[in-house]
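Each chain is listed here by its residues.
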Amino acid sequence: VAAGRRMIPVSARWRRVFDLVLGTGIVQGANILTNILLAHWLPQFEYGSYRQLFLLNQLLWAIGFSAIPTALMYFASRVDGAAAVAAVVRKHLALVAIIAVVPAGIIALLPSAVAALFDNRALEDLLPQFAPYPAAYMFHSLVATVLVTQGRTARLPLYMSAIALLNGGAVLLTAYLTAD
């Protein structure tokens, strides 16, 4: 155990694991429900376009972001004190900001080129509206890791529920309001 660091009792560790699993499960459950509803509400071509946007988001997340939460956990566990952990968190937030701005700019400024990559011209009108989503997704994904590094996992189920409602609700409301 590093100097100045206290051991977390086993029961508290399991509570943190439970909070993290519950929070993640809420988001995943909302994603599954969203996809089921969209598959019923949208015509096949529109649902396919939605899935392509989702794929684009997942590709950007995997390429540009996926290792950052692990790196944050690793480096935050190697420093002592709240101020040092906060400094590590700030550095990772800055890194995410840089990583998120580039694809958002490309998507917003070059929608026809991105739509051509997916061989779906219908995406051209959707991409400028979609451009901020991958950045928001990266930041909201990082918040859960920040809460874990700060030992504030009890807030995870509430935070993740809010994210699930905002994310799923926005997608479902847009699909419902724009349906033919």
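Residues numbered from 1 in each chain as written. Predicted model: local features only at pLDDT ≥ 70, side-chain atom pairs only at ≥ 80, totals over all residues. Heavy atoms only, no water.

1. Section: unusual backbone geometry
Of note in the backbone geometry, Asp 119 takes a positive phi value of approximately 55° without being a glycine. Structurally, Asp 119 can be placed in the loop between α5 (111–117) and α6 (123–130). When its relative accessible area of 73% is taken as the criterion, Asp 119 is described as exposed. (Helix = DSSP H or I, 4+ residues; strand = E, 2+ residues; numbered from the N terminus. Buried < 20%, exposed > 50% of the residue type's maximum accessible area, 1.4 Å probe, protein only.)

2. Notes on the layout of surface pockets
Considering only enclosed or pocket space, the largest pocket measures out at about 930 Å³ in volume. What lines the largest pocket is a set of 31 residues, and nearest its centre among them are Tyr 50, Leu 53, Phe 130, Val 171 and Thr 174. The set of elements that each furnish at least two residues to the lining of the largest pocket consists of α1 (10–41), α2 (44–64), α6, α7 (132–149) and α8 (156–178). Here the element with the most residues in the lining of the largest pocket is α8; it accounts for nine residues. A class-by-class count of the residues in the lining of the largest pocket yields 18 nonpolar, 12 polar and one charged. (1 Å grid on protein atoms, 1.4 Å probe; cavity = no way out; pocket = protein on both sides within 12 Å on 5 of 7 lines; lining within 4 Å. Points joined across faces, edges and corners; volume = space filled by probe spheres on them. Nonpolar A, V, L, I, M, F, W, Y, C, P; charged D, E, K, R; others polar.)

3. Observations concerning the packing of aromatic side chains
What the rule picks out here adds up to six aromatic pairs. Taken together, a centroid distance of 5.5 Å and an interplanar angle of 55° make the contact between Trp 61 and Phe 65 tilted. With relative accessibility at 0%, the residue Phe 65 sits in the buried group. Put simply, the rings of Tyr 47, Tyr 50 and Phe 54 touch in pairs and so form one group of aromatic residues. (Phe/Tyr/Trp six-rings, centres within 6.5 Å; stacked < 30°, edge-to-face > 60°.)

4. Some points on a nonpolar patch on the surface
On the surface, Trp 41, Leu 173, Tyr 176 and Leu 177 cluster together to form a nonpolar patch covering roughly 480 Å² of accessible area. With three residues, the single largest contributor to the nonpolar patch is α8. You can see Leu 177 is positioned in helix α8. (Patch = residues over 30% accessible without salt bridge, like charges linked within 9 Å, V, L, I, M, F, W, Y side chains within 5 Å. Areas by Shrake-Rupley, 256 points an atom, 1.4 Å probe, with all protein chains shown as cover. Salt bridge = Lys/Arg side-chain N within 4 Å of Asp/Glu carboxyl O.)

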